[in-house]
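Here's the letter readout for the chains.
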Amino acid sequence: MRPRPNPRTLLACLGLVLTQLVWTQASISEQRPLAGERVRLVVGFGAGGGYDVYARMLAPHLEQETGATVVVENWTGGGGVVALNRLATDDTEGLTLMLVNGPSAVMGQVLGNEGVRYDVSAFTWLGRVFAEPSVVLASPVSPYRSLADLTSADLPVRWASAGKTTTAGTPALVSQALELRSEVIIGYKGTSESALAALRGEADLVAMSATSARAQAHKNGLVPIAVVSHERISLLPEVATVAEQINLTPSQNRWIDYGITVMGLGRSLATSEQVSPERREYLRRVVKNILTDPTVIREAAAQGRPIEFGPPSELLASINRALANGNEPTRGELRHVILEKFNP
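Reading the values: the criteria
- Residues numbered from 1 in each chain as written.
- Predicted model: local features only at pLDDT ≥ 70, side-chain atom pairs only at ≥ 80, totals over all residues.
- Heavy atoms only, no water.
- Pairing = 2+ DSSP bridges.
- Helix = DSSP H or I, 4+ residues; strand = E, 2+ residues; numbered from the N terminus.
- Axes fitted to C-alpha atoms, helices over the stretch in contact; angles between N-to-C directions.
- Contact = heavy atoms within 4.5 Å.
- Buried < 20%, exposed > 50% of the residue type's maximum accessible area, 1.4 Å probe, protein only.
- Right-handed = clockwise from strand over helix to strand, strands pointing away.
- pLDDT = per-residue confidence, 0-100.

Trainee: Outline the sheet that holds strand 4 (residues 124-130), listing residues and values.
Mentor: Read across the sheet, five strands follow the order 2-1-3-10-4 without closing on themselves; strand pairing throughout is mixed. Because the sheet does not close on itself, it has two edges, and the strands there are strand 2 (69-74) and strand 4. Averaged over all pairs of adjacent strands, the angle between their axes in this sheet comes to 25 degrees, without regard to strand direction. The pairing of strand 4 with strand 10 (residues 267-271) spans five bridges and is classified as antiparallel. Directly across from G127, in strand 10, lies its bridge partner L269. Across the sheet, helix 3 (residues 81-88) is in contact with strand 1 (38-43), strand 3 (95-101) and strand 10; its angle to strand 3 comes to roughly 145 degrees.

Here you go:
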């Protein structure tokens with residue numbers, strides 16, 4: 001006959017099991033502090049746009065990595081300003097992340113745009129998702145096929161643009177650097193309308209992101225004539241950079257460098273400055289893990305949404321330069337050149 005278990009022994013064993021369960025749960029909680037929480041992933045633009053698509057692509061990976069429920073929300077208005085203002089003063093329950101249009105956010109602050117109440121340097125930056133330089137394209141019916149053609153032009157060069165700060169003000173920055181007689185015609189509804197204006201001969205030039213530039217060149221015959229970058233890019237390897245075509249003085253080059261710095265902020269993830277240091281470091285690890293995962297990168301590329309991770313330290317350094325806190329053009333100079341000098 002088997003001996004009966006000692007009740008005290010059973011209680012002791014049960015206590016050990018319960019203790020182990022508690023320790024295990026605590027360990028999981030420490031490793032995944034957002035598990036079970038509801039997290040907002042905000043974009044400042046409407047559903048269906050590029051930022052919205054990127055956010056919805058990343059949300060499932062954030063859920064898998066953190067154990068949280070990630071909900072994409074569109075806080076529209078003011079070209080992203082409404083969402084940035086809300087993030088800066090976020091006092092809602094739970095965690096809010098935002099996929100930020102870095103160039104637009106910085107330019108709004110530097111140029112003192114109406115309604116801006118945020119400070120981009122105060123946000124908690126988690127990492128860059130992707131950035132691409134701007135490209136200058138010529139109308140196929142214009143006489144321009146290089147930057148040298150622009151610098152020797154007898155007539156004012158006309159640019160089509162959605163707004164003065166589109167592509168970080170590339171038309172004005174390039175015009176200032178090359179000392180062009182330019183007119184920046186604004187009011188077109190996005191890249192497609194600006195491209196149509198160039199195709200119709202209403203404008204000689206247009207500036208857009210490298211991805212859009214390649215698409216417009218292949219689809220509509222716009223002619224890429226310069227990449228605003230320190231080096232050539234894989235999307236348009238045959239197109240020379242500004243520095244390859246024109247021997248710029250340091251005074252001229254600072255305008256090109258400024259544009260490169262701002263465009264380099266790209267699509268980046270941020271949260272409010274109120275997060276604790278522990279949560280900040282956890283979120284930065286999570287974002288890096290996702291954006292450097294080869295499987296995630298391949299899946300994103302297959303959707304036409306490339307990923308190229310940039311660390312928070314690099315973002316913050318670029319933001320400080322872009323805010324004209326160093327040897328870049330001063331805010332007064334930037335406001336004059338981008339907002340005033342090249343008006344038609």
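Trainee: Kindly report on the pairing of strand 1, identifying the contributing residues and their values.
Mentor: Counting buried residues in strand 1 gives five out of six residues, a clear majority hidden from the surface. Here six bridges tie strand 1 to strand 2, and the two strands are oriented parallel to one another. Counted as the bridge partner of V39 is V70 from strand 2. On the question of chirality, the crossover connecting strand 1 to the parallel strand 2 by way of helix 2 (residues 50-66) is right-handed. Pairing of strand 1 with strand 3 involves five bridges; the strand directions are parallel. Looking at the pairing, V39 lines up with L95 of strand 3.

Trainee: Lay out the confidence of the model for the protein in plain terms, naming residues and giving numbers.
Mentor: For residues with low pLDDT, the predicted coordinates do not support detailed interpretation. Scored by pLDDT, the protein has a mean of 91; 90% of the residues are at 70 or more. Long-range and interchain partners of residues 17-29, a stretch whose pLDDT sits below 50, account for zero contacts in this model, where long-range means more than four residues apart.

Trainee: Lay out the sheet that holds strand 7 (residues 182-186) with the relevant residues and their values.
Mentor: Read across the open sheet, the five strands follow the order 7-6-8-5-9; overall the sheet is mixed. Both outer strands of the open sheet, strand 7 and strand 9 (223-228), are each paired with one neighbouring strand and no more. Averaged over neighbouring strand pairs, the angle between their axes works out to 30 degrees when direction is ignored. Bridge count between strand 6 (residues 157-161) and strand 8 (residues 205-209): two bridges; the pairing is parallel. For A160, the partnering residue across the bridge sits in strand 8 and is V206. Strand contacts of helix 8 (residues 210-220): strand 5 (134-138), strand 8 and strand 9, with the helix running at about 125 degrees to strand 8, the strand carrying the most contacts.

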